[in-house]
Each structure stands twice: as structure tokens, then as C-alpha cells.
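# Secondary and tertiary structure notes
For reference, the chains in residue letters:
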Amino acid sequence: MTQKEIFNIFYRSGALHTGHFKLTSGLHSDQYFQCALVLQHPRYAEQLCSIAKEYFGGEQPETVIAPAVGGIVVGQEIARILGCRSIFAERKDGQMTLRRGFSLRKGERVLVCEDVVTTGGSVKEVIELAQQAGAHVIGVFAVVDRSGGGANFGVPFLAAMQMQVKTYPPESCPLCAQDLPIDQPGSRQL
Ligand SMILES: [Zn+2]
């Protein structure tokens, strides 16, 4: 898939909006992206996750692991395409952990998957969790990389799409200066 085809999928699914937005960080932006709106369509999820197979399939991952919540759909779909196992890590008392009886064994070949990488913090924690269990992390796949090249995991990292978003502090926001009404989509409450 070309970057243009991927962008078209994002637009068609209503995941990518332009306008004037207040992000959860408090910063303003002219763009808002909600990955779940792409992944709600299994056909789109399949198309995007197939990119992970092209890149990492040769490494023969045995298990896909994702940070909850956003990464779970991505991990499940990639595991389906690869014909391997899918598990996820979730926070307990602020700490990323394996629950629900999930486990990893020594030397297990693991691919870490996420929907959107912003700072990469959750992915880093999942990598550490897998490595502490003795698993071999072969790489990281994300649908969207918004880190602007800043995410470095110490293993190969591939994102289907690089998405740089311009953000502004409210006091110097050019959209506020034009008196454009502002939306506050999304939430981090989950
Ligand atoms: Zn503004």
C-alpha cells in the first residue's frame, strides 16, 4: 500500500479530521486523528496490519503482544494474519503487566504492536516486560507513528504511516487568532 492509499483509508473512515482542536495535552491543533475509527472496519484493519506481515513475517514471530487498550485490535489482527498467538499487557497500579493468565517463555519470538506511537512510552514498557520474561523482541509495528522520528525502541520499528501533527499553545494558536470554534474530541479516561 502507498502512503496515499493509507491516507485515503483514514479519511474515508472519518479517523482524520481537519479543523481546530483542543488535544488531551491542552495544546491546539488543526488536525485530529482517532485510530479506532479506522480499526472499527475489519477490512481496513486487515489491509493496514498486512504491512506488518510483509516486514516482520520472515522473522517468524510466535506471539504478538500489545499494550491495552489501543494496541489490542492491531495485535489480534496481525496475529490472525501471521497465524500466531496474540496477548496484551495492561496497567495494574501504574505498572504494565501480563494478567488473565497470559505468559511468555524464554526465547519466545515476540512482535510488539500498537495503534499509535506518540512518545512510545507504553511500547517501551511492553518491550521491557517481554524481555524480563526472557522473550526475544523481534520488532515493533504501529499503524501510525506520530513521534516525528523520536521513538527509538532499540529494535526494528515500522509504522504504516508517519503523521506529523502541528500543535500550538493556546496563546499563540493561529486558529484561535481567527476566532475559529474549537472541538475537544477524544479522551484518555479509558
Ligand atoms: Zn486554538
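Remember, predicted model here, so these are calculated numbers, not experimental data.

### Here we look at the overall build of the chain
Along the backbone of the chain there are six helices and nine strands. Taken over C-alpha atoms, the radius of gyration comes to 17 Å for the chain, in line with the 16 Å a tight globule of 190 residues would show. Projected onto its principal axes, the C-alpha positions of the chain cover 55 × 40 × 25 Å. Within the chain, contacts between residues separated by at least 24 positions form 63% of all contacts whose residues are at least 6 apart in sequence.

### Remarks on the sheet that holds strand S2 (residues 28–33)
Strand order in the open sheet formed by three strands is S1-S2-S9, with antiparallel pairing between adjacent strands. Taken across any chain shown, the strands that pair with only one partner, and hence form the sheet edges, are strand S1 (16–22) and strand S9 (167–168). Direction of pairing for S2 relative to S9: antiparallel, over a ladder of two bridges. In the strand pairing of S9, His-28 is matched with Tyr-168.

### Digging into the sheet that holds strand S3 (residues 63–67)
Strand-to-strand pairing in sheets goes through backbone hydrogen bonds, with the strands running parallel or antiparallel. Taken in spatial order, the six strands line up as S5-S4-S3-S6-S7-S8 in an open sheet, and their pairing is mixed. Where the open sheet ends on each side, the last strands, each with one partner, are strand S5 (95–97) and strand S8 (157–162). Within the sheet, the average angular offset between the axes of one strand and its neighbour, ignoring direction, is 20 degrees. One ladder, built from five bridges, connects S3 with strand S4 (residues 85–92); its direction is parallel. Paired with Ile-65 across the two strands is Ile-87, which belongs to S4. Packing against the sheet, helix H5 (residues 121–132) makes contact with S3, S4, S5, strand S6 (109–117) and strand S7 (136–145), and its axis sits at approximately 165 degrees to S6.

### Side note on the environment of Arg-80
Structurally, Arg-80 is set in helix H4 (residues 70–82). Judged by the 15 C-beta atoms lying within 10 Å of it, Arg-80 falls in the partly exposed class. Distance from Arg-80 to Cys-49, taken between C-alpha atoms, is 9.7 Å for residues 31 residues apart in sequence.

### A word on the pairing of S1
Along a regular strand, successive side chains alternate from one face of the sheet to the other. Here five bridges tie S1 to S2, and the two strands are oriented antiparallel to one another. Counterpart to Lys-22 in the pairing with S2 is His-28. Turn length for the S1-S2 hairpin, with the two strands adjacent in sequence and antiparallel, is five residues, and the turn residue Gly-26 shows positive phi of about 95 degrees.

### A short note on the packing of helix H3 (residues 42–56) against H4
The relative placement of two packed helices is expressed as an angle between their axes plus a distance between the axes. The geometry of H3 relative to H4 is characterised by a closest axis approach of 9 Å and an angle of 65 degrees between their N-to-C directions. Our classification of the angle between H3 and H4 gives roughly perpendicular. Pair H3 / H4 crosses with right-handed handedness. Along the contact surface, H3 presents Ala-45, Glu-46, Cys-49, Ser-50, Ala-52 and Lys-53, while H4 presents Val-73, Val-74, Glu-77, Ile-78, Ile-81 and Leu-82. When grouped by side-chain class, the residues that make up the contact of H3 with H4 number eight nonpolar, one polar and three charged.

### Side note on unusual backbone geometry
At the junction of Ala-68 and Val-69, the peptide bond is cis and its omega measures out at 0 degrees in the coordinates. Mapped onto the fold, Val-69 is located in the loop between S3 and H4. Residues other than glycine seldom take positive phi values, yet Arg-100 does so here, at roughly 60 degrees. Looking at the element boundaries, Arg-100 is found in the loop between S5 and S6. In this structure, Asp-179 takes a positive phi of about 60 degrees despite not being glycine. Relative to the helices and strands, Asp-179 resides in the segment after helix H6 (174–177).

Conventions we followed
Residues numbered from 1 in each chain as written. Predicted model: local features only at pLDDT ≥ 70, side-chain atom pairs only at ≥ 80, totals over all residues. Helix = DSSP H or I, 4+ residues; strand = E, 2+ residues; numbered from the N terminus. Rg over C-alpha atoms; globule rule 2.2 N^0.38 Å. Contact = placed C-beta atoms within 7 Å. Pairing = 2+ DSSP bridges. Axes fitted to C-alpha atoms, helices over the stretch in contact; angles between N-to-C directions. Buried ≥ 20, exposed ≤ 12 C-beta atoms within 10 Å, placed from the backbone. Parallel < 35°, antiparallel > 145°, perpendicular 65-115°, else oblique. Left-handed = near helix turned anticlockwise from the far one by under 90°. Nonpolar A, V, L, I, M, F, W, Y, C, P; charged D, E, K, R; others polar.

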